[in-house]
Amino acid sequence: MIRKHFFKNGSLILATLAMLFSSISCKNNGNNSANEVKSLSFTLSTDTIYVGSSDCVIKDVVIEPDSLENKEVTFYAENPNVASIAGYTISGLMVGVTNIIGVLNDDLSIHYSLPISVVEVPPVEVTGIELSIEKNSIYVGETLRADVSVLPYDATNQQYRLEASNDNVSIVNNKISGVKAGPVSITAYSVANSSIKSLSANLVVKNVPATDIELSAGATNLLVGESTTITANVLPNNAFDKEVEFKIGSGKEDTIRLSGNTVTAVASGTDSIVAYLKSNPSIITELFFVVTNVEPTGIDVSASKTTLYLDESIELNCTVYPNNGFNYDVTFETLSGNNNVISISNSGVVTALSAGEETIVAYLTQRPSIKTTLKITVLNETNPDDPFGDDIFTEE
């Protein structure tokens, strides 16, 4: 049986072997001639291996004479930093040259060695590069992954870079993101050899289309005279075209009035506001409004003064209760039914004509039962503070 051992200091072992051999020779006193000559030899499957490989084996071990009872042999590398031995297998550890030594355990003077070189693994050159992407179109803001393979698969330098033909996309690592609409080509280049590149992958970046509109308002139940603001939100939020137009559902302003994005209640009833995408009117939504009319319960009329000089004019102020913001039409008349003392215009301007008293009656035009009165006194003199002798209020 042949035994394998490891030794780290080949020089020390060789020196020891020499001393033992000299000692044995002296003790035998010339009896060596009676003994058979011993010898050891072996071969290596290769004299050169790569760093990190175990491609060399010790073989063809021959020990003479064949009649020896103990044929155990120890193998070791003279420089254990360059190569190591496990069994009959030699592994390269670092670049260098060392001797593989075999020693007959029964007679340390019998040894044999062969050199072996350990070299760097030669680089595997890049011969090609392949590129594929998940699909040939994406939306702005969407991201897809590029798959790249450097050939051969065991090429030493597997690094590559991706380049786009324009700024329609951005590339981070292997992620391609749409930036703006338009066509673009993606190409992969080998870092080891920039002349080696993939076939270009063509990609089209598209704007995100709108799919829906959300329409809301501050309130959808309004009193006559009230106003509210409508807001349209185009979906998805990253849609490219967000221009929305509004119109009244009935096409009339009988119930609500629309100005920009402001809805005003005009009269009791139900109507809607329709919002649609300007570039694609098929994307449309509708919001309904219910308008309730608050019936007026009273009217109040006042003036800056109620005693007038001849030819003096004043303007009446009217307030309808409750005040719901709606402008009601008001009619003015004299209680006597004539204009002997005063005259009243449709807009409520009172002019003193002659001395006396008159009562003004003011009522809602569409609801005459809701009315009030105001007494006016006209003096039989002109205003002494009026340099022109009269005070004329001009109605525009």
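Just above, that's the structure.
Cut-offs applied
Residues numbered from 1 in each chain as written. Predicted model: local features only at pLDDT ≥ 70, side-chain atom pairs only at ≥ 80, totals over all residues. Heavy atoms only, no water. Helix = DSSP H or I, 4+ residues; strand = E, 2+ residues; numbered from the N terminus. Salt bridge = Lys/Arg side-chain N within 4 Å of Asp/Glu carboxyl O. Buried < 20%, exposed > 50% of the residue type's maximum accessible area, 1.4 Å probe, protein only. Core = buried A, V, L, I, M, F, W, Y, C linked by side-chain atoms within 4.5 Å. Contact = heavy atoms within 4.5 Å. Polar contact = N/O pair within 3.5 Å; in protein donor to acceptor, adjacent residues only side chain to side chain. Pairing = 2+ DSSP bridges. Axes fitted to C-alpha atoms, helices over the stretch in contact; angles between N-to-C directions.

Moving on: unusual backbone geometry. Cis geometry marks the peptide bond from leucine 151 to proline 152; its omega dihedral reads -5 degrees. Checked against the element boundaries, proline 152 lands in the loop between strand S11 (143-151) and strand S12 (160-164). For the bond from leucine 235 to proline 236, the omega torsion is -5 degrees, close enough to zero to count as cis. Relative to the helices and strands, proline 236 is located in the loop between strand S19 (227-235) and strand S20 (244-248). The backbone of asparagine 173 shows a phi angle near 55 degrees, a positive value even though the residue is not glycine. Checked against the element boundaries, asparagine 173 lands in the loop between strand S13 (169-172) and strand S14 (175-178). Its identity as a non-glycine residue notwithstanding, aspartate 311 has a phi of 70 degrees, on the positive side. For aspartate 311, the position within the fold is in the loop between strand S26 (307-308) and strand S27 (313-315).

What follows covers the pattern of salt bridges. For the structure on display, the rule yields 10 salt bridges. Residues lysine 71 and aspartate 66 are paired through a salt bridge, measuring 2.7 Å at the closest nitrogen-oxygen approach. A salt bridge links glutamate 142 to lysine 135; the shortest N-O distance between them is 2.5 Å. Judged by relative accessible area, glutamate 142 falls into the partly exposed class, the value being 23%. Classification of lysine 135 by relative accessible area gives partly exposed; the value is 37%. Because the salt bridges share partners, they merge into one network encompassing Glu243, Glu245 and Lys278.

What tends to happen in soluble globular proteins is that the nonpolar side chains get buried as a cluster. In this structure, Ile342, Val350, Ile360 and Ile376 are the most contacted members of the largest nonpolar core, which totals 22 residues. At the level of secondary structure, the elements contributing two or more residues to this core comprise strand S25 (298-302), strand S29 (330-334), strand S30 (342-344), strand S31 (349-352), strand S32 (356-364) and strand S33 (367-378). For this core, the element with the most residues is S33, which contributes four residues. Those residues within four positions of valine 350 in sequence are excluded, and the remaining contacts are Leu308, Glu312, Ser313, Ile314, Leu316, Ile342, Ser343, Ile344 and Ile360.

The next point concerns the side chain of glutamate 312. Along the chain, glutamate 312 turns up in the loop between S26 and S27. Looking at glutamate 312, its side chain comes within polar contact range of the side chain of lysine 305, at 2.7 Å.

Turning our eyes to something else, we now look at the environment of lysine 135. For lysine 135, the position within the fold is in the loop between strand S9 (128-133) and strand S10 (137-139). Once the C-alpha coordinates of lysine 135 and alanine 201 are considered, the two residues, 66 residues apart in sequence, prove to be 9.6 Å apart. Residues in contact with lysine 135, not counting those within four places in the same chain, are Glu142, Leu144 and Leu203. At a separation of 2.5 Å, a polar atom in the side chain of lysine 135 contacts the side chain of glutamate 142.

Pairing is antiparallel in the open sheet, where four strands are placed in the order S1-S3-S6-S5. The sheet is open, and its two borders are formed by strand S1 (39-44) and strand S5 (83-86), each paired with just one other strand. Averaged over all adjacent pairs, the angle separating strand axes in this sheet is 30 degrees, with direction ignored.

The sheet contact formed by strand S4 (residues 73-77) and strand S7 (residues 96-104) spans five bridges and is antiparallel. Residue pairing for S7: phenylalanine 75 is matched across the bridge by glycine 102.

Across the sheet, four strands lie side by side as S18-S24-S23-S20; this open sheet has mixed pairing. Each end of this open sheet is capped by a strand with a single partner; those strands are strand S18 (221-223) and S20. Averaged over neighbouring strand pairs, the angle between their axes works out to 30 degrees when direction is ignored. Where S18 lies against strand S24 (residues 280-292), three bridges are found, and the strand directions are parallel. Counterpart to leucine 222 in the pairing with S24 is valine 291.

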